[in-house]
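Observations on chain architecture
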Amino acid sequence: MSAYRWKSFAEDEDRPEKPRRYGVTEIRGPHYSLFNRSLLVDLFESMGQFVDGLKFSGGSHSLMPKSFIKEVTSVAHDHDVYVSTGDWAEHLLRKGPSSFREYVEDCKELGFDTIELNVGSLEITEETLLRFVRLIKSGGLRAKPHFTVKFNKSEVPKGGDRAYGACVIPEPRSSEFVEDVDLLIRRAERCLEAGADMIMIDADDVCRHADTVRADIIAKVIGRLGLEKTMFEASDAQTSEWFIKCYGPKVNLFVHHSQIMELECLRGRNLGKDHASVLSSSYFL
């Protein structure tokens, strides 16, 4: 505990030591920036206590030598950090019905602990999705279905001052796909019943920026699935702050690795009231 004696939690918001079932922080691995072994070692040795998972986003592991992937997963495991795949399973389905089983075995052999299933890009039936979840679990790995909530952009009010009494012409409804959130939650519930360990909710449209967060959708998802079984992507520090303020330190978040310390400060109670004050306080740590 001495590693983070500067933090404190309220009694009703206690967050356990690793391995954690809630209050999980998963970070983005190689994707937009180069991640080498030295960087990972430095990151885990300095802040590994605050990192629960590492995800190879965007199928980035498919471009790397297997020896390097095994080295990365080994380093993560040495620091009690699980390793997850990102979007990639959909590319394997083109090879035939047996390809997914082979994919699970390959992931296990490389040292992955969790396989993420991007439900939107997979474009499979619900029964096939559930079969994939069971295949992952039977292979000894954790399953994390990834859902993206889509809604009509015209439902989001636009900012800007308007003259008093001015007639405001309503925005025409866009032609993009609008998803039934209740249907999405029902599919997620079935995934959990089939053995899925966590439901990932994409930041697109729902929580990409704090000032446009769809709090109603997030509340409905958490209310039905539970805080422990849902993880949200937080694209920036303000969004992380919004989640912590609304749902406390137990909320599971997927963030960029540069946000680790700031997010952990927000989860605690001693370093400022928002992300900006955390940044200013961190200079004195």
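Here goes a summary of the coordinates provided. From a predicted model like this one, the values you see are computed outputs, not experimental measurements.

Definitions and cut-offs
Residues numbered from 1 in each chain as written. Predicted model: local features only at pLDDT ≥ 70, side-chain atom pairs only at ≥ 80, totals over all residues. Heavy atoms only, no water. Helix = DSSP H or I, 4+ residues; strand = E, 2+ residues; numbered from the N terminus. Buried < 20%, exposed > 50% of the residue type's maximum accessible area, 1.4 Å probe, protein only. Areas by Shrake-Rupley, 256 points an atom, 1.4 Å probe, with all protein chains shown as cover. Pairing = 2+ DSSP bridges. Right-handed = clockwise from strand over helix to strand, strands pointing away. Core = buried A, V, L, I, M, F, W, Y, C linked by side-chain atoms within 4.5 Å. Axes fitted to C-alpha atoms, helices over the stretch in contact; angles between N-to-C directions. Parallel < 35°, antiparallel > 145°, perpendicular 65-115°, else oblique. Left-handed = near helix turned anticlockwise from the far one by under 90°. Contact = heavy atoms within 4.5 Å. Phe/Tyr/Trp six-rings, centres within 6.5 Å; stacked < 30°, edge-to-face > 60°. Polar contact = N/O pair within 3.5 Å; in protein donor to acceptor, adjacent residues only side chain to side chain.

With that out of the way, let us pick up the overall build of the protein chain. When helices and strands are tallied, the protein chain shows 11 helices and 8 strands. Residues classed as buried in the protein chain amount to 49% of the 285 residues present. Total accessible area computed for the protein chain in this model is approximately 14400 Å², and 52% of it derives from carbon and sulfur atoms.

Here strand β7 (residues 230-233) shows a buried face lined by Thr230 and Phe232 and a second buried face lined by Met231 and Glu233. Two elements, β7 and strand β8 (residues 252-255), share 3 bridges in a ladder whose sense is parallel. The residue of β8 that forms the bridge with Phe232 is Leu253. At this point the chain moves from β7, through helix α9 (residues 237-247), to the parallel β8, and the crossover so formed is right-handed.

Below, the discussion takes up the nonpolar core. With 66 residues, the main nonpolar core has Phe44, Leu117, Ile218, Phe232 and Leu253 as its most contacted residues. With 6 residues, helix α6 (residues 126-138) is the single largest residue contributor to this core. In terms of nonpolar packing, the next biggest core, distinct from the first, is built from 6 residues, Val24, Tyr82, Met200 and Met231 among them.

Moving on: the packing of helix α8 (residues 215-225) against α9. Direction vectors running N to C along α8 and α9 enclose 55°, while the axes themselves pass 13 Å from each other. Classified by the angle between their axes, α8 and α9 sit oblique to one another. Note on packing geometry: the crossing formed by α8 with α9 is right-handed. In this structure, α8 contributes Ala215, Ile218, Ala219 and Ile222 to the contact, and α9 contributes Trp242, Phe243 and Tyr247.

Attention now moves to the environment of Pro249. Structurally, Pro249 is set in the loop between α9 and β8. With 15 residues separating them along the chain, Pro249 and Glu264 place their C-alpha atoms 8.6 Å apart.

Turning to α9, a few remarks are in order. Turning to α9, its buried residues are Ala237, Thr239, Ser240, Glu241, Trp242, Phe243 and Ile244. Downstream of α9 by a residue or two, Gly248 has a phi angle that is positive, lying close to 80°.

On the secondary structure map, Val149 appears in the loop between β5 (142-147) and α7 (181-193). According to the relative accessible area criterion, Val149 is buried, its value standing at 1%.

So, about the pairing of β8. A two-sided burial pattern is seen for β8, the buried positions comprising Asn252 and Phe254 on one face and Leu253 and Val255 on the other. Pairing between strand β1 (residues 25-28) and β8: 3 bridges, direction parallel. Considered in β8, the bridge of Ile27 is made with Val255.

One pass over the structure, following the stated rule, counts 6 aromatic pairs. Between Phe100 and Tyr103 the ring centres are 5.9 Å apart and the planes differ by 55°, which places this aromatic pair in the tilted class. In this pair, Phe100 and Tyr103 both sit in helix α4 (residues 99-110), 3 residues apart, roughly one turn of the helix. By relative accessible area, Phe100 is classed as buried at 1%. Both rings, one in Phe100 and one in Phe132, keep their centres 3.9 Å apart while their planes meet at 10°; by these two values the pair is stacked. In this pair, Phe100 sits in helix α4 while Phe132 sits in helix α6, placing the two residues 32 residues apart along the sequence. Note on accessibility: Phe100 and Phe132 belong to one class, buried.

Turning to the environment of Gly140, a few remarks are in order. Locating Gly140 in the fold gives a position in the loop between α6 and β5. As a C-alpha pair, Gly140 and Val104 span 36 residues in sequence and 9.3 Å in three-dimensional space.

The next point concerns unusual backbone geometry. Note that the residue after Lys18, namely Pro19, is joined by a cis bond; omega there is -5°. Of note, Asp80 is a non-glycine position whose phi angle comes to about 55°, a positive value. Among the secondary structure elements, Asp80 is positioned in the loop between α2 (66-78) and β3 (82-85). Classification of Asp80 as exposed rests on a relative accessible area of 57%.

With respect to the helices and strands, Thr148 occurs in the loop between β5 and α7. Of note is the side chain of Thr148, whose polar atom sits 3.4 Å from the side chain of Asp202.

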